[in-house]
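# Summary of the model geometry
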Amino acid sequence: PARRSSDLFPQVLSRVAVARSRLGDDPGAEAASREALSVLSRDPKAGVSTAITALLTMADAQMRQGRIADAEQSYREALDKTLARNGAQHVDTLHVQGSFGWFLRRTSRRAEASRLLEQAAAQLKRDTYPPNAIRAVTGHIAQALLAEGRYAAAQTPIETLVAAYAQVA
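These numbers come from a predicted model, not from an experiment. (Residues numbered from 1 in each chain as written. Predicted model: local features only at pLDDT ≥ 70, side-chain atom pairs only at ≥ 80, totals over all residues. Heavy atoms only, no water.)

Take the nonpolar core next. L37, L56, Y75, V96, F100, F103 and L104 are the most contacted members of the largest nonpolar core, which has 26 residues in total. Contributions of two or more residues to this core are made by α1 (9–22), α2 (26–41), α3 (48–64), α4 (68–85), α5 (91–106) and α6 (110–126). Of all the elements, α3 adds the most residues to this core, at nine residues. Those residues within four positions of L37 in sequence are excluded, and the remaining contacts are A51, A54, L55 and M58. (Core = buried A, V, L, I, M, F, W, Y, C linked by side-chain atoms within 4.5 Å. Buried < 20%, exposed > 50% of the residue type's maximum accessible area, 1.4 Å probe, protein only. Helix = DSSP H or I, 4+ residues; strand = E, 2+ residues; numbered from the N terminus. Contact = heavy atoms within 4.5 Å.)

Here's what the structure looks like:
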């Protein structure tokens, strides 16, 4: 098990946050995410992926608690971190763009949502990414298009999703 002094401790906390989120414990998910971020902030060598996971988990928990401004701030921090450290081509950046784009769409900021989702979709076409990233980003894109009533435009992302899930089923 990871000790508080271990390099793995922030990763464990981030996974605890994800588990609590999946169990519907949004306050617990947010608390574990904050603790992971606090530990990471004291380690200059810390990788950014764990911080991004913690920020996305925290943003989702904040959103489900009705704290939209807090969630937006967490999403923006995750996007800033991944762009600064990883650049636009990184898989973490695609995950953040997809999640944040869907959040913006749900909170009626369609123009910014479309911009983020279109950037992610364009990047998926330019490079090779792991199947889970393709499914996540493409799912957000399809949901946004369906929510806007753009059914014909949603057909290609939906077909991509069906093919991707058929590979892992």
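Moving on from the coordinates now.
What follows deals with the packing of α5 against α6. Two quantities define a packed helix pair, namely the angle between the helix axes and the distance between the axes. Their axes nearest at 8 Å, the elements α5 and α6 cross at an angle of 155°. When the axes of α5 and α6 are compared, the pair comes out roughly antiparallel. As α5 runs across α6, the sense of the crossing is left-handed. Facing α5, whose interface residues are L94, Q97, G98, F100, G101, W102, L104 and R105, α6 presents R110, E112, A113, L116, L117, Q119, A120, Q123 and L124. (Axes fitted to C-alpha atoms, helices over the stretch in contact; angles between N-to-C directions. Parallel < 35°, antiparallel > 145°, perpendicular 65-115°, else oblique. Left-handed = near helix turned anticlockwise from the far one by under 90°.)

Time to look at the side chain of S14. The residue S14 is located in helix α1 in this model. A residue is classified by how much of its surface remains accessible, and S14, at 3% relative accessible area, is buried. Those residues in contact with S14 that lie beyond four places of it in its chain are A36, T50, T53 and A54.

A few words now on a nonpolar patch on the surface. Nonpolar side chains collect at one region of the surface, where L146, Y151, I158 and V162 lie side by side and expose about 380 Å² of accessible area between them. When residues in the nonpolar patch are grouped by element, the largest group, three residues, is from helix α8 (residues 151–168). Looking at where I158 falls in the secondary structure, it is placed in helix α8. (Patch = residues over 30% accessible without salt bridge, like charges linked within 9 Å, V, L, I, M, F, W, Y side chains within 5 Å. Areas by Shrake-Rupley, 256 points an atom, 1.4 Å probe, with all protein chains shown as cover. Salt bridge = Lys/Arg side-chain N within 4 Å of Asp/Glu carboxyl O.)

We describe a pair of aromatic rings using the distance from one ring centre to the other and the angle between the two ring planes. On inspection of all chains with the given rule, the structure shows three aromatic pairs. Consider the rings of Y75 and F103, whose centres lie 4.9 Å apart with planes at 40°: the pair is tilted. Residue Y75 is found in helix α4, and its partner F103 is found in helix α5; the two are separated by 28 residues along the sequence. Judged by centre distance (6.2 Å) and plane angle (25°), the ring pair of F100 and F103 falls under stacked. Here F103 and F100 lie together in helix α5, a separation of three residues that amounts to about one turn. With relative accessibility at 0%, the residue F103 sits in the buried group. Ring pairs connect the aromatic residues Y75, F100 and F103, which therefore count as one cluster. The ring of Y165 is capped by R135, whose NZ or CZ atom sits 5.4 Å from the centre of that ring. (Phe/Tyr/Trp six-rings, centres within 6.5 Å; stacked < 30°, edge-to-face > 60°. Lys NZ or Arg CZ within 6 Å of the ring centre and 35° of its normal.)

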